[in-house]
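Structural overview for review
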Amino acid sequence: MEPTRGLPDDIVRAAPKVLLHDHLDGGLRPATIVQLAAESGHALPESDPEALATWFAQAADSGSLERYLETFAHTVGVMQSASALTRVARECVEDLAADGVVYAEIRYAPELHVDGGLELEEVVAAIQQGFEEGMAAAGERIVVRHLLTAMRQAARAREIADLAIEWRDRGVVGFDIAGPEAGYPPTRFIDAFEFLQRENYHFTIHAGEGFGLPSIWEAVQWCGADRLGHGVRIVDDIKVGEDGSAELGRLASYVRDKRIPLEMCPSSNVQTGAAPSLGEHPIKLLASLRFRVTVNTDNRLMSRTSLSQEFGLLSETFGYGLREMEWLTVNAMKSAFIPYDERYRMITETIKPWYAERMDGS
Ligand SMILES: O=c1[nH]cnc2c1ncn2[C@@H]1O[C@H](CO)[C@@H](O)[C@H]1O
Ligand SMILES: [Zn+2]
């Protein structure tokens, strides 16, 4: 018999995990979408939760980021009232806590939730309410913070940056840009990024997913990104020889030397075509070269996944064990946007002791 490859599911689920890249509007429960759509009159492509879940996964599995993003019309469409936002935020925390996530930064674009008449501040307040309810329901076993996203195809980044600063001591820990990458380079929002740097604030930029190295270069060297959303295309700046040796170009060297975190999302990357398959996902090479790699879900609904499932897939595909999982988790915790002392405490009091207990003497 073949030896079983991969960590057991229950161990992966029990392990304390850290999630830096997860979209609130990409993680709704299918049954909740159906209920909220009925309440608000939003027309869905399927009315049965299971059929709807399948619809999302298939529609998102197009090999194109632009087509993948079209599916969000049916999540954003039902997230237009304070009560809907609070519910979705609370359920998000409950689902992550049940999956063993101990710290998460959840992102969303406030500007997409104002069609029902909410102000931008009311969007953030409703979501904060849901996060607080969720954390309390989980007995404070999980800490959840917000990242505010501005949409690349819109022109509200500066306003959203202001909003993030207004909420900086009330749950919002960072800023991001998302949406179609080709044709919308990070420098388009340079005023927002310069403002945030002057405010000593943190931000990540989706880059190197639907477009290549120029996008990563702008995000890092023009805009000053603290982290990269995906960043998979950094492999275009790495030459791998037939003997397995790797030669890093200047940008790849910079990203590795500066320990710039890569928020990698394996299943999502295969769906949008950023990676050809799981087996060929650049995470393997980048982790072996000791880039600051982290593992994330991106959109749990569209990818029908969870953080445990992403780790499980990596374990099956590349043979990752507890040692690799701990390294990836500590990488993520080091890269979070909360203060250093809080990150340090979670590493030394929550993450390391759990692994130490299971890897004793190995
Ligand atoms: O992987 C991604 N790349 C780029 N944009 C994305 C991705 N996933 C979601 N969004 C976009 O971010 C918005 C706010 O959460 C979503 O509405 C979606 O349009
Ligand atoms: Zn994303």
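Residues numbered from 1 in each chain as written. Chains lettered and ligands numbered in written order. Predicted model: local features only at pLDDT ≥ 70, side-chain atom pairs only at ≥ 80, totals over all residues. Heavy atoms only, no water.

**A short note on the environment of Leu289**
Along the chain, Leu289 turns up in the loop between helix 13 (283-288) and strand 10 (293-295). Residue class for Leu289 comes out buried when judged on its relative accessible area of 16%. With 41 residues separating them in the primary sequence, Leu289 and Leu248 have C-alpha atoms 9.7 Å apart. Those residues in contact with Leu289 that sit more than four places away from it in its chain are Ile238, Ala246, Leu248 and Arg256. (Helix = DSSP H or I, 4+ residues; strand = E, 2+ residues; numbered from the N terminus. Buried < 20%, exposed > 50% of the residue type's maximum accessible area, 1.4 Å probe, protein only. Contact = heavy atoms within 4.5 Å.)

**Notes on the coordination of the zinc ion (ligand 2)**
Within the first shell, the zinc ion (ligand 2) binds the protein through His21 (NE2), His23 (NE2), His206 (NE2) and Asp298 (OD), at distances of 2.1 to 2.2 Å. Binding-site remark: the zinc ion (ligand 2) is held by donors from one chain whose sequence spacing is H-x1-H-x182-H-x91-D. Of the two residues, His21 sits in strand 1 (residues 17-23) while Asp298 sits in the loop between strand 10 and helix 14 (307-318), which places them 277 residues apart along the sequence. (Donors = N, O, S within 2.8 Å, 3.2 Å for Na, K, Ca; no water.)

**Some points on the sheet that holds strand 2 (residues 101-108)**
Read across the sheet, 4 strands follow the order 1-2-3-4 without closing on themselves; strand pairing throughout is parallel. Looking along the sheet, the strands with just one partner apiece sit at the ends: strand 1 and strand 4 (172-178). Put simply, the sheet's adjacent strands are angled 25° from each other on average, direction ignored. With 5 bridges joining them, strand 1 and strand 2 adopt parallel strand pairing. Within strand 2, the position partnered with His23 by the bridge is Arg107. (Pairing = 2+ DSSP bridges. Axes fitted to C-alpha atoms, helices over the stretch in contact; angles between N-to-C directions.)

**A look at the nonpolar core**
Counting 116 residues, the largest nonpolar core has Phe175 and Phe291 as the members making the most contacts within it. For this core, the leading source of residues is helix 6 (residues 82-98), giving 8 residues. Beyond its immediate chain neighbours, meaning those up to four positions away, Phe175 contacts Leu148, Ala150, Ala157, Ile160, Ala161, Phe193, Leu196, Tyr201, His202, Phe203 and Thr204. (Core = buried A, V, L, I, M, F, W, Y, C linked by side-chain atoms within 4.5 Å.)

**Some details on the packing of aromatic side chains**
This structure, assessed with the given rule, holds 8 aromatic pairs. Ring centres 5.0 Å apart and planes at 80° place the aromatic pair Trp55 and Phe56 in the edge-to-face group. By relative accessible area, which is 24% here, Trp55 ends up partly exposed. With a relative accessible area of 0%, Phe56 lands in the buried category. Ring plane angle 55° and centroid distance 6.2 Å describe the contact between Tyr68 and Phe72, whose orientation is recorded as tilted. Like Phe72, Tyr68 is buried. One aromatic cluster in this structure is built from Phe175, Phe193 and Phe203. In this arrangement the basic side chain of Arg158 is found over the ring face of Phe195, its NZ or CZ atom lying 3.8 Å from the centre. Its guanidinium or amino end placed over the ring of Phe337, Arg227 lies 3.9 Å from that ring's centre, counting from NZ or CZ. (Phe/Tyr/Trp six-rings, centres within 6.5 Å; stacked < 30°, edge-to-face > 60°. Lys NZ or Arg CZ within 6 Å of the ring centre and 35° of its normal.)

**What about the side chain of Arg292?**
Tracing the backbone through its elements, the reader meets Arg292 in the loop between helix 13 and strand 10. For the buried Arg292, which has no salt bridge, the nearest side chain bearing the opposite charge is Asp226, at an N-O separation of 10 Å. Side-chain polar atoms of Arg292 contact the side chain of Ser335, separated by 3.2 Å. (Lys, Arg positive; Asp, Glu negative; His and termini not counted. Salt bridge = Lys/Arg side-chain N within 4 Å of Asp/Glu carboxyl O. Polar contact = N/O pair within 3.5 Å; in protein donor to acceptor, adjacent residues only side chain to side chain.)

**Thoughts on the UniProt feature "binding site: Zn(2+)" (unreviewed entry) in the protein**
As recorded in UniProt, the sites labelled "binding site: Zn(2+)" (unreviewed entry) are His21, His23, His206 and Asp298. A compact arrangement is adopted by the annotated residues: their sequence extent is 278 residues, whereas the largest C-alpha distance between any two is 12.0 Å. Checked against the element boundaries, His23 lands in strand 1. Discounting residues that sit within four places of it in the chain, Asp298 has contacts with His21, Asp22, His23, Tyr68, His206, Glu209, His230, Cys265 and Ser268. (UniProt positions renumbered as here; feature names shortened; annotations may be inferred.)

**Structural notes on the pattern of salt bridges**
Pairing is possible between side chains of opposite charge, provided their charged atoms come close. Taken as a whole and assessed by the stated rule, the structure comprises 17 salt bridges. Glu199 is the partner of Arg168 in a salt bridge, and the nearest nitrogen-oxygen pair spans 4.0 Å. Placement of the pair is Arg168 in the loop between helix 8 (157-166) and strand 4 and Glu199 in the loop between helix 9 (190-198) and strand 5 (204-207), with a sequence separation of 31 residues. Assessed through its relative accessible area of 30%, Glu199 is described here as partly exposed.

**Remarks on unusual backbone geometry**
Its identity as a non-glycine residue notwithstanding, His230 has a phi of 75°, on the positive side. As for its placement among the helices and strands, His230 is situated in strand 6 (residues 227-230). One non-glycine residue, Arg304, lies in positive phi territory at about 45°. Within the secondary structure, Arg304 sits in the loop between strand 10 and helix 14. Residue Arg304 is classed as partly exposed on the basis of its relative accessible area of 38%.

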